[in-house]
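Each chain, written out:
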Amino acid sequence: MNHKKTETKLAQLKAILENHKSMLIVLQDNPDPDAIASAVALRKLANVLATVQCSIAHGGTVGRGENRALVKYLGLNLRPIQQIDTTQFKLFAMVDTQPGTGNNSLPDTIEPDIVIDHHQCIQSTRHCRFFDIRSRYGATATILYEYMQAAGVKPDVPTATAMLYAIRSDTQDLGRDTTKADIRALTHLYIPANKRMLSQIQRGKVRRDYYRMLADALTNAQVYANAIVTDLGQIENPDMIAEVADLLLRDDRTDWVMVYGVSQDKMLISLRTYQENARADKVIRHLVSRRGTGGGHPSYAGGQIPIDKLSAKGIEKLQKTIVNRFVKEVTANNLKPEPLTAADSKSAAT
Ligand SMILES: [Mn+2]
């Protein structure tokens with residue numbers, strides 16, 4: 001997006017902020033580094049442009065070791081949205097997610113005033129007072145970086161570090177779904193960022209049960225020609241789904257991965273692909289159609305299906321359906337899967 005457009009947007013944003021004393025910034029459930037960094041950047045802008053006090057809230061948990069380390073480093077008080085009295089706020093913002101996408105927990109009755117995101121723009125967002133959706137951008141933090149630059153606001157060291165990490169993690173070090181804007185933002189953020197802290201965050205401590213979950217995920221992984229599917233079962237840490245998906249995509253014979261698990265009455269699904277011109281965001285919407293919600297980016301996407309009304313058998317049936325749809329969509333039909341970790345596995349066809 002050109003500089004002029006960012007300046008226009010910034011002026012609109014400022015005008016909205018100026019009339020308020022406080023704002024609730026809502027993140028996606030189980031927020032990732034991009035959501036966290038974008039919230040911190042928006043809070044900074046709100047403080048500088050209009051002295052607005054911000055609270056940051058989300059559904060789900062921050063489970064991934066790296067993300068917990070990031071939140072700790074930022075000294076951030078992320079609040080569970082269920083514990084927030086939303087009537088205390090007159091101004092609501094959403095970053096890295098949009099109203100009605102199914103991956104955030106802002107009550108449907110509240111329409112956010114401000115939406116800044118890099119996923120495909122959805123209809124309900126167009127009703128909001130202010131929205132800036134740049135679906136080609138690799139990270140929401142890149143949009144916020146451009147706002148800060150246009151506003152002449154320098155990110156402090158922790159904010160710069162978080163934004164740098166956000167862009168690196170959403171684009172996998174500029175390797176997926178990246179634009180020139182992301183590269184420019186990352187280059188500029190690199191100088192002020194705390195590189196040693198960044199390295200420590202990326203090697204954030206994990207809980208002991210991480211290794212058991214990982215072992216289960218690998219043992220359960222099934223290979224369907226060029227695709228791997230694995231079931232994490234009931235999980236306390238939904239971030240694990242995305243983490244395992246990234247790990248499995250590194251298999252040298254695989255270009256599609258689907259990982260799923262159950263958390264808080266929802267079946268959660270992550271998709272990843274290496275295939276050029278593939279559209280993981282479209283595939284996920286097909287997989288969850290009429291049952292849940294899904295979205296994302298060309299090479300990575302996620303979805304969720306409510307299962308609170310299903311029996312254990314019903315859940316099993318649902319999971320089978322989703323796996324079948326996925327396999328049919330991305331591989332040659334009628335393959336018999338084989339375990340990923342079986343000795344000397346070549347391919348399902350042999
Ligand atoms: Mn993002």
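Residues numbered from 1 in each chain as written. Predicted model: local features only at pLDDT ≥ 70, side-chain atom pairs only at ≥ 80, totals over all residues. Heavy atoms only, no water.

This brings us to the coordination of the manganese ion. Coordination of the manganese ion by the protein is provided by Asp 34 (OD), Asp 96 (OD), His 118 (NE2) and Asp 170 (OD), with metal-donor distances spanning 2.1 to 2.4 Å. Sequence spacing of the donors to the manganese ion: D-x61-D-x21-H-x51-D. Of this pair, Asp 34 sits in helix H2 (residues 33–50) while Asp 96 sits in the loop between strand E4 (92–95) and strand E5 (114–117), placing them 62 residues apart in sequence. Accessibility assignment for this pair places Asp 34 and Asp 96 in one class, buried. (Donors = N, O, S within 2.8 Å, 3.2 Å for Na, K, Ca; no water. Helix = DSSP H or I, 4+ residues; strand = E, 2+ residues; numbered from the N terminus. Buried < 20%, exposed > 50% of the residue type's maximum accessible area, 1.4 Å probe, protein only.)

Take the domain arrangement of the protein chain next. Entries for the protein chain in the domain assignment read domain 1 (3–202) and domain 2 (209–339). One C-alpha centre belongs to domain 1, the other to domain 2; they are set 27 Å apart. At the junction of the two partners, domain 1 supplies 19 residues and domain 2 supplies 20 residues. Across the interface of domain 1 and domain 2, roughly 1,500 Å² is buried in total on both sides, 35% from carbon and sulfur atoms. If you sort the residues of domain 1 by the area they bury against domain 2, Arg 64, Arg 176 and Asp 177 come out on top, with a joint share of 35%. The interface formed by domain 1 and domain 2 contains 3 salt bridges. (Domains from an automatic or database assignment. Contact = heavy atoms within 4.5 Å. Buried area = accessible area lost by both parts, 1.4 Å probe. Salt bridge = Lys/Arg side-chain N within 4 Å of Asp/Glu carboxyl O.)

Attention now moves to the sheet that holds strand E7 (residues 222–224). Ordered by their spatial adjacency, 7 strands build an open sheet running E11-E12-E10-E9-E8-E7-E13, and the pairing between neighbours is mixed. In the strand order of this sheet, the two ends are held by strand E11 (293–296) and strand E13 (338–339), each with one partner. By the bridge criterion, 8 bridges tie strand E9 (residues 256–263) to strand E10 (residues 266–273) in an arrangement that is antiparallel. Across the sheet, the residue bridging to Trp 256 is Thr 273, located in E10. (Pairing = 2+ DSSP bridges.)

A separate point is helix H5 (residues 157–170). Compared with the 20 Å implied by 1.5 Å per residue over 14 residues, the 20 Å span of H5 between its first and last C-alpha is a close match. Counting buried positions over the 14 residues of H5 gives 10, a clear majority of the element. Of the positions making up H5, those classed as buried are Thr 159, Ala 160, Thr 161, Ala 162, Met 163, Leu 164, Tyr 165, Ala 166, Ile 167 and Asp 170. Along its buried surface, H5 packs onto H2, helix H3 (65–74), helix H4 (140–151), helix H6 (180–190), helix H7 (195–202) and strand E12 (300–306). (Expected span 1.5 Å × (residues − 1).)

Another aspect to go through is unusual backbone geometry. Unusually for a residue other than glycine, Gln 264 sits at a positive phi of about 45°. With respect to the helices, strands and loops of the structure, Gln 264 is situated in the loop between E9 and E10. Phi at Arg 290 takes a positive value of approximately 65°, unusual for a residue other than glycine. Overall, the relative accessible area of 78% leaves Arg 290 in the exposed class.

Overall, parallel pairing links the 6 strands, which are arranged E3-E2-E1-E4-E5-E6 in an open sheet. Sheet topology places strand E3 (78–80) and strand E6 (130–133) at the edges, where each strand pairs with a single neighbour. Neighbour-to-neighbour, the strand axes of the sheet open up by a mean angle of 25°, direction not taken into account. (Axes fitted to C-alpha atoms, helices over the stretch in contact; angles between N-to-C directions.)

Once that is clear, we can look at the side chain of Asp 246. Tracing the chain through its elements places Asp 246 in helix H9 (residues 239–248). By relative accessible area, Asp 246 is classed as buried at 18%. The residues contacting Asp 246, other than those within four sequence positions of it, are Arg 64, Gln 172, Arg 176 and Arg 272.

The next thing to look at is the packing of aromatic side chains. Each pair of aromatic rings is reported with the distance of its centres and the angle of its planes. A complete count under the given rule lists 3 aromatic pairs for this structure. Sitting over the face of the ring of Tyr 300, Arg 176 holds its NZ or CZ atom 3.5 Å from the ring centroid. (Phe/Tyr/Trp six-rings, centres within 6.5 Å; stacked < 30°, edge-to-face > 60°. Lys NZ or Arg CZ within 6 Å of the ring centre and 35° of its normal.)

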